[in-house]
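Per-entry structural report
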Amino acid sequence: MSFPSNFLWGGAVAANQCEGGYLEGGKGLSDADMLLGGSHTAPRTFCPHIMEDKFYPSHNAIDFYHHYKEDIKMFAEMGFKTFRTSINWARIFPNGDDSMPNEEGLAFYDSMFDECLKYDIEPLVTLCHYEIPWAITSKYGGFTNRKTIDLYLRYATVCFERYKNKVKYWLTFNEINGATEPLGQYNGIGYVTPKDLAGNEPIPNNHLEDDPQKRFEGLHNEFVASAKAVIEGHKINPDFMIGCMICHITWYPLTCNPLDELAAQEKDLMFNDFCGDVQVLGVYNPLAVAYLKNHGIDTSFITDEDQAILRAGTVDMYTFSYYMSNCVSVDPNAPDIGGNLIGGLKNPYLKASDWGWQIDPEGLKWTLKKIASRYPGVPLMVVENGFGAADKVEDDGSVHDDYRIDYFRSHIKAMSEAIDEGVPLIAYTTWGCIDVVSAGTGEFHKRYGFIYVDRHDDGTGDFSRSKKDSFYWYKKVIESNGEDLD
Ligand code: BG6
């Protein structure tokens with residue numbers, strides 16, 4: 001077993017999925033605040049305005065806003081070396097274009113980062129985790145509007161200046177490649193078509209009108225915003241390590257039919273590598289540009305001036321989320337996994353979670369090795385990995401989550417093997433180290449945590465925290481630097 005002695009073990013959450021306090025401390029609405037809950041089979045619903053009689057899971061979430069001291073103390077008890085969370089942009093600029101940042105919002109994160117540092121936990125901070133201020137979406141069309149590049153840069157600069165002595169590790173956008181898929185239009189780039197925006201009724205997420213041209217333009221503007229932030233961040237503190245964050249799904253050809261292989265290769269390029277190439281290498285892969293053109297996208301938004309910015313603002317590290325693998329085939333009758341979020345085909349060799357996410361630790365090893373050889377010398381972080389399950393609380397309050405321990409054990413083993421085979425992995429933050437609202441379904445019921453939170457889909461629960469079996473297990477893993485996985 002071979003984790004380096006300074007390996008950053010930890011856990012991850014996102015502000016909109018844990019904080020709650022959605023209008024406290026001067027915060028404005030963010031895109032995530034406009035979503036109702038769904039389930040494995042029913043999509044989440046977008047509301048063009050807040051409806052008083054509906055339950056919005058993120059509005060109180062798990063109330064981390066008031067519980068962060070207690071929660072960080074428990075992370076420290078597990079031995080965390082790092083804690084990944086995001087800054088909710090709308091806490092800092094409630095309307096996106098305010099003339100001054102909101103001091104109360106800035107002070108909240110000061111206090112939260114201080115709490116981490118008190119326990120020698122390095123904050124790892126995402127600047128935008130599906131948390132574009134709603135005013136930017138409704139007034140400017142999110143990142144489809146180039147003005148949002150400036151608004152983002154101002155926000156990023158304020159954060160870099162304020163926390164330059166507290167935070168070293170930054171991620172510019174969570175899962176930026178989500179915008180290559182239709183749902184990423186809302187979640188990723190903060191865009192709703194004028195027709196959907198003007199409606200009065202809630203709209204199921206998967207019925208939101210998709211505009212691929214706007215979506216890829218918006219994604220491009222995010223690339224430019226990210227590169228500009230990297231350039232600015234390095235001026236403010238040359239020691240900053242700033243990363244991209246890619247949702248990496250491993251795509252296998254379903255069969256050895258060469259056509260399945262070609263389809264999987266294309267999926268891997270367009271879903272996984274296209275965005276990583278822009279952010280790590282500073283260039284648009286010509287194959288990706290050809291794909292966009294062949295699919296009717298006018299790519300004239302990729303100007304020479306923007307390309308110079310992309311080349312100058314490459315990231316220092318590649319970070320990614322990894323949960324599952326999927327299969328790809330040209331056979332229209334091949335059975336799919338029926339999972340939410342990102343679809344794919346069933347792999348007969350793998351089991352899946354109750355939400356249809358196929359469990360594949362070897363896929364993580366494959367991914368680590370692929371990325372390490374695509375971007376030689378670039379340090380890697382796995383910043384999300386975890387198992388969403390419906391936990392059962394026993395009469396004595398314990399939660400026996402062996403299935404989660406099994407999932408982590410096999411994935412940590414895969415990481416260890418990858419390190420032995422030359423992969424420069426420097427950090428691992430498990431997703432939802434404390435139960436949070438699911439991003440894909442809006443459920444509390446889909447739990448990832450080592451720490452159970454008494455909060456439920458009907459809005460009941462007292463927010464009390466308790467330790468699951470996995471809590472004690474992960475503590476042992478960290479203590480032994482990944483040696484003791486029993
Ligand atoms: C990633 C997101 O896609 O997966 C997280 O960055 C999200 O925000 C996580 O919570 C797990 O997905 P879900 O839908 O189970 O919450």
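Just above, that's the structure.
A few points on the structure. (Residues numbered from 1 in each chain as written. Predicted model: local features only at pLDDT ≥ 70, side-chain atom pairs only at ≥ 80, totals over all residues. Heavy atoms only, no water.)

Tyr 152, Trp 170, Phe 274, Ile 412 and Tyr 474 are the most contacted members of the largest nonpolar core, which has 132 residues in total. When residues of this core are assigned to their parent elements, the largest contribution, 10 residues, is made by helix 7 (residues 147-163). Within the second largest apolar cluster, nine residues are counted, among which are Leu 8, Met 245, Met 381 and Val 383. (Core = buried A, V, L, I, M, F, W, Y, C linked by side-chain atoms within 4.5 Å. Buried < 20%, exposed > 50% of the residue type's maximum accessible area, 1.4 Å probe, protein only. Helix = DSSP H or I, 4+ residues; strand = E, 2+ residues; numbered from the N terminus.)

For the rest of this paragraph, the subject is the pattern of salt bridges. Enumeration according to the criterion identifies 33 salt bridges in this entry. Lys 139 is the salt-bridge partner of Asp 97, the closest N and O atoms lying 2.8 Å from each other. Linking Asp 97 in the loop between helix 4 (89-92) and helix 5 (103-118) with Lys 139 in helix 6 (residues 134-140), this pair joins segments that are 42 residues apart in sequence. Between Asp 401 and Arg 404 there is a salt bridge, with the nearest N and O atoms lying 2.8 Å from each other. Of the two residues, Asp 401 and Arg 404, both sit in the buried class. Salt bridges linked by common partners bring Asp 391, Asp 401, Arg 404, Asp 435, Arg 447 and Lys 468 together as one network. (Salt bridge = Lys/Arg side-chain N within 4 Å of Asp/Glu carboxyl O.)

With that settled, the discussion passes to the pairing of strand 5 (residues 122-126). For strand 5, the buried fraction is high: four of the five residues fall into the buried class. Bridging between strand 5 and strand 6 (residues 169-171) involves three bridges; their strand directions are parallel. Considered in strand 6, the bridge of Thr 126 is made with Leu 171. (Pairing = 2+ DSSP bridges.)

With that out of the way, let us pick up helix 16 (residues 469-479). All buried positions along helix 16 are accounted for by Ser 470, Phe 471, Trp 473, Tyr 474, Val 477 and Ile 478. Down the axis of helix 16, the smallest arc covering the buried residues is 165 degrees, so these residues share one side. Each element contacted by the buried residues of helix 16 is listed here: strand 1 (8-12), helix 3 (64-78), helix 15 (402-420), strand 13 (425-431), strand 14 (451-453) and strand 15 (465-467). (Arc of directions from axis to C-beta. Contact = heavy atoms within 4.5 Å.)

A few words on the environment of Asn 481. Along the chain, the position of Asn 481 falls in the segment after helix 16. The sequence separation of Asn 481 and Phe 3 amounts to 478 residues, and the corresponding C-alpha distance is 6.5 Å. Among all residues touching Asn 481, those that are not within four sequence positions of it are Phe 3, Pro 4, Ser 5, Phe 7 and Trp 9.

The next thing to look at is the sheet that holds strand 5. Within the closed barrel, the eight strands sit side by side as 1-4-5-6-8-10-12-13. Their pairing is parallel. The average undirected angle you get between the axes of adjacent strands in this sheet is 25 degrees. Summarising the sheet, strand 10 (residues 317-321) and strand 12 (residues 380-384) pair through four bridges and their orientation is parallel. Pairing of Ser 321 across the sheet is with Glu 384, part of strand 12. Strands in contact with helix 11 (residues 258-281) are strand 8 (241-247) and strand 10; relative to strand 8, the strand with the most contacts, it is inclined by about 165 degrees. (Axes fitted to C-alpha atoms, helices over the stretch in contact; angles between N-to-C directions.)

Pairing is antiparallel in the open sheet, where three strands are placed in the order 2-3-7. Looking along the sheet, the strands with just one partner apiece sit at the ends: strand 2 (35-36) and strand 7 (203-204).

This paragraph deals with the pairing of strand 4 (residues 82-86). With five of five residues buried, strand 4 lies mostly within the body of the structure. Both faces of strand 4 are covered, namely the face carrying Thr 82, Arg 84 and Ser 86 and the face carrying Phe 83 and Thr 85. As judged from the three bridges shared by strand 1 and strand 4, these two strands associate in the parallel manner. The residue bridging Gly 10 from the neighbouring strand is Thr 82, located in strand 4.

Next up on the list: the packing of aromatic side chains. Scanning the model with the defined rule gives 42 aromatic pairs in all. Centre to centre, the rings of Phe 113 and Tyr 163 are 5.0 Å apart; their planes meet at 85 degrees, and the pair counts as edge-to-face. With Phe 113 in helix 5 and Tyr 163 in helix 7, this pair connects stretches of sequence that are 50 residues apart. An angle of 65 degrees between the planes, with centres 6.1 Å apart, marks the rings of Phe 143 and Tyr 152 as edge-to-face. Just as Phe 143 is buried, Tyr 152 falls in that class too. Positioned above the aromatic ring of Trp 251 is the side chain of Lys 267, whose terminal nitrogen or guanidinium carbon lies 4.9 Å from the ring centre. We note Lys 446 situated over the ring of Trp 357; from NZ or CZ to the ring centre the distance is 3.6 Å. (Phe/Tyr/Trp six-rings, centres within 6.5 Å; stacked < 30°, edge-to-face > 60°. Lys NZ or Arg CZ within 6 Å of the ring centre and 35° of its normal.)

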